[in-house]
Amino acid sequence: MNPQFPYESIQEVALRLQAIIETAIDGIILIDAFGIVESINPAAATLFGYAEQEVIGKNISMLMPSPYNEQHDDYIDRYKKTGKAKIIGIGREVSGLRKDGTIFPMRLAVSEVQLENRIVFTGIIHDLSAVKQAHEKIHRLNEELESKVITRTEELASVVNKLLNTNKRLQYEVQERIAAEEALRKSEEEVRIALENEKELSELKSRFVSMASHEFRTPLSTILSSVSLIGRYTTTEQQDKREKHINRIKSAVQNLTGILNDFLSLSRLEEGKVSNKPTAFDLQLFCTEIIEELQGVLKPGQKIIKDFPKEAIQVFLDERLLKNVLFNLLSNAIKYSGEDRPIYFEITQELPNTLCLCIKDEGIGIPEKDIPHLFSRFFRATNATNIQGTGLGLNIVKRYVELMKGKIRFESQEGKGSSFWIDLPLRHTPID
Ligand code: ADP
């Protein structure tokens, strides 16, 4: 009686075990102590490609590929002698040899069965071909994936590199373009300024031509009439009349020279040819000489009353520019004042480093509405139209004063007179 299955006979148990073995999915092979196959189930026979009868009674090594088949008997012998086995009770991955010579991977679990009078070994075989194939496939796929990743990474790196290079090139091109645009803008600006200057100069010239044709007429007709009168005064007694006309001619020529000088100064200023070249000189001496030079143009009864500091003032200024400025202002004071009117010329030092020169008259003054335009080129006040002039003098004066790093200001009242002040830097040593 079987204690596990008390109601089954031995035969029934044997039959049931037989059925289990016959239908098992894994292969089951039974060998004796000499490695001779005692039984093989259908799954194992199919796995190795043999009919069961072809294997039973043969050495198990026929199912093993070289070199294991040759070594198998030694394994068994060693195990029997030493009791040490590499495989028994452990189960491991080995290779199987099919009838057609192909080799396949399998998991082999061997167990030792002690029968009544002998030992047999049972091997349970699980085909690993599919698992192996799947592993290999995974491995291959992994390798493919890795190589793809490497390739893609390299491609990406090259794309990134290309992008970086393109970016650099673009940045460079943008910079070049900005520089080119800047250069273009600059040259356009230069051309525009040059054109404006050209236009202004040509406008100046045409205005001068119209002004000169008007202003030249009076002195020229004076010269003409005086010359023809001188021709008529032939006797010695008429010498004073001749002299009167000679003086008239002189003054008319002076007038013409003045107009031409003003225009010449303006053109030189426009062309940027006038520069400040200071030298050291005695200011009072310099101004006294100018007053002397102007004595010839004073109207009857006019006087230039000077009020200069007693101590000599040593200045460091451009003599030519300063002379022109003072000549212009004093000439205007003379020109726009009547006979017997005084002209005051004062030098003061109000601030420690500033010199102030003032020219004051009691002449016709400047109408209030004309005051804002006084320093514009060709501007003439409305009350001055019957007095000869070009409207250039004050414009030149202002620009000369500014070249000397000074300032000009004025006060005027129509009918009462005008005062012009020039503030100039007082320097004893050549700093500029
Ligand atoms: P110009 O005297 O040749 O006309 P300026 O440029 O010297 O030219 O002077 C511009 C204008 O300013 C003059 O036409 C005149 O109307 C006015 N002006 C200048 N100085 C005086 C002054 N001292 N008194 C009155 N008006 C003046």
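Residues numbered from 1 in each chain as written. Predicted model: local features only at pLDDT ≥ 70, side-chain atom pairs only at ≥ 80, totals over all residues. Heavy atoms only, no water.

### Comments concerning the overall build of the protein
Piece 1. A tally of helices and strands in the protein yields ten helices and twelve strands.
Piece 2. The C-alpha atoms of the protein give 64 Å as radius of gyration, which overshoots the globular expectation for 432 residues (22 Å, by more than 25%).
Piece 3. By principal-axis analysis of the C-alpha atoms, the protein measures approximately 190 × 50 × 45 Å.
Piece 4. Across the 432 residues that make up the protein, the buried fraction comes to 33%.
Piece 5. Carbon and sulfur atoms provide 57% of the accessible area of the protein, an area that totals close to 27,500 Å². (Helix = DSSP H or I, 4+ residues; strand = E, 2+ residues; numbered from the N terminus. Rg over C-alpha atoms; globule rule 2.2 N^0.38 Å. Buried < 20%, exposed > 50% of the residue type's maximum accessible area, 1.4 Å probe, protein only. Areas by Shrake-Rupley, 256 points an atom, 1.4 Å probe, with all protein chains shown as cover.)

### Thoughts on a nonpolar patch on the surface
Piece 1. A grouping of L17, I20 and I21 is seen on the molecular surface, where their side chains present a nonpolar patch of about 250 Å² in accessible area.
Piece 2. Relative to the helices and strands, I21 resides in helix α1 (residues 10-23).
Piece 3. By relative accessible area, which is 33% here, I21 ends up partly exposed. (Patch = residues over 30% accessible without salt bridge, like charges linked within 9 Å, V, L, I, M, F, W, Y side chains within 5 Å. Salt bridge = Lys/Arg side-chain N within 4 Å of Asp/Glu carboxyl O.)

### A short note on the pattern of salt bridges
Piece 1. Evaluated as defined, the whole model comprises 17 salt bridges.
Piece 2. For E196, the salt bridge is made with R192, and the minimal N-O distance between the two is 2.5 Å. Here R192 and E196 lie together in helix α5 (residues 129-215), a separation of four residues that amounts to about one turn.
Piece 3. When its relative accessible area of 41% is taken as the criterion, E196 is described as partly exposed.
Piece 4. By relative accessible area, which is 37% here, R192 ends up partly exposed.

### Some words on the sheet that holds strand β11 (residues 407-413)
Piece 1. One open sheet holds the five strands; their spatial order is β7-β9-β10-β12-β11, and the pairing between them is mixed. A strand with exactly one partner marks an edge of an open sheet, and here the two such strands are β7 (303-307) and β11. On average, each strand axis in the sheet is tilted by 15 degrees relative to the strand beside it, whichever way the strands run.
Piece 2. Bridge count for β7 against strand β9 (residues 342-351) is five bridges, and the pairing is parallel. What sits directly across from D307, in β9, is E346.
Piece 3. Most of the contacts of helix α9 (residues 319-335) go to strand β10 (residues 354-361), to which it runs at about 25 degrees, and overall it touches β7, β9, β10 and β12 (417-425). (Pairing = 2+ DSSP bridges. Axes fitted to C-alpha atoms, helices over the stretch in contact; angles between N-to-C directions. Contact = heavy atoms within 4.5 Å.)

### Quick word on the pairing of strand β2 (residues 37-40)
Piece 1. Across three bridges, strand β1 (residues 27-32) lies against β2 in antiparallel orientation. By the bridge assignment for β2, I29 is matched with I40.
Piece 2. Connecting β1 to the next strand, β2, in antiparallel fashion are four residues, including G35 with a positive phi near 85 degrees.

### Here we look at the packing of helix α7 (residues 239-270) against helix α10 (residues 393-403)
Piece 1. For the pair α7 and α10, interaxial distance at closest approach is 10 Å and the crossing angle is 45 degrees. As the angle between them shows, α7 and α10 are arranged oblique. Pair α7 / α10 crosses with left-handed handedness. Contact with α7, carried on its side by D262, S265, L266, L269 and E270, involves G393, N395, I396, R399, Y400 and L403 of α10 and no other residues of that element.
Piece 2. Looking at side-chain class alone, the contact of α7 with α10 contains five nonpolar, three polar and three charged residues. (Parallel < 35°, antiparallel > 145°, perpendicular 65-115°, else oblique. Left-handed = near helix turned anticlockwise from the far one by under 90°. Nonpolar A, V, L, I, M, F, W, Y, C, P; charged D, E, K, R; others polar.)

### Overview of the site of the ligand
Piece 1. Looking at the ligand, there are 18 residues lining it, with N332, Y336, R380, T390 and L394 nearest.
Piece 2. A distance of 2.8 Å separates an oxygen atom of the ligand from a polar side-chain atom of N332.
Piece 3. Between the ligand and A381, the relevant distance is 2.8 Å, taken from an oxygen atom to a main-chain nitrogen or oxygen of the residue.
Piece 4. Out of a free accessible area of 530 Å², the ligand has 98% covered by protein chains. (Near = heavy atom within 4 Å. Polar contact = N/O pair within 3.5 Å; in protein donor to acceptor, adjacent residues only side chain to side chain.)

### As for helix α8 (residues 283-294)
Piece 1. Taking 1.5 Å as the rise per residue, α8 with twelve residues should run 16 Å; its terminal C-alpha atoms sit 17 Å apart, in good agreement.
Piece 2. For α8, every residue scored as buried is listed here: L283, Q284, F286, C287, I290, I291 and L294. Down the axis of α8, the sector holding all buried residues measures 165 degrees, keeping them to one side. Opposite the buried face of α8, at more than 90 degrees from it, the exposed residues are L285 and E292.
Piece 3. As for α8, its buried residues are in contact with β6 (279-282), β7, β8 (314-317), α9, β9 and β10.
Piece 4. N-capping of α8 is provided by D282, with a side-chain oxygen placed 3.1 Å from the backbone N of Q284. (Expected span 1.5 Å × (residues − 1). Arc of directions from axis to C-beta.)

### Observations regarding unusual backbone geometry
Piece 1. Although it is not a glycine, D340 adopts a positive phi angle of roughly 65 degrees.
Piece 2. Topologically, D340 is positioned in the loop between α9 and β9.
Piece 3. At K405, a position not held by glycine, the phi torsion is positive, near 65 degrees.
Piece 4. Among the secondary structure elements, K405 is positioned in the loop between α10 and β11.

### Concerning the sheet that holds β2
Think of a sheet as strands paired side by side through backbone hydrogen bonds, with each pair either parallel or antiparallel.
Piece 1. Spatially, β2-β1-β5-β4-β3 is the arrangement adopted by the five strands of the open sheet, whose pairing is antiparallel. Of all the strands in the sheet, the pair left with one neighbour each is β2 and β3 (92-97). The average undirected angle you get between the axes of adjacent strands in this sheet is 35 degrees.
Piece 2. By the bridge criterion, six bridges tie β3 to strand β4 (residues 103-114) in an arrangement that is antiparallel. Paired with R92 across the two strands is L108, which belongs to β4.

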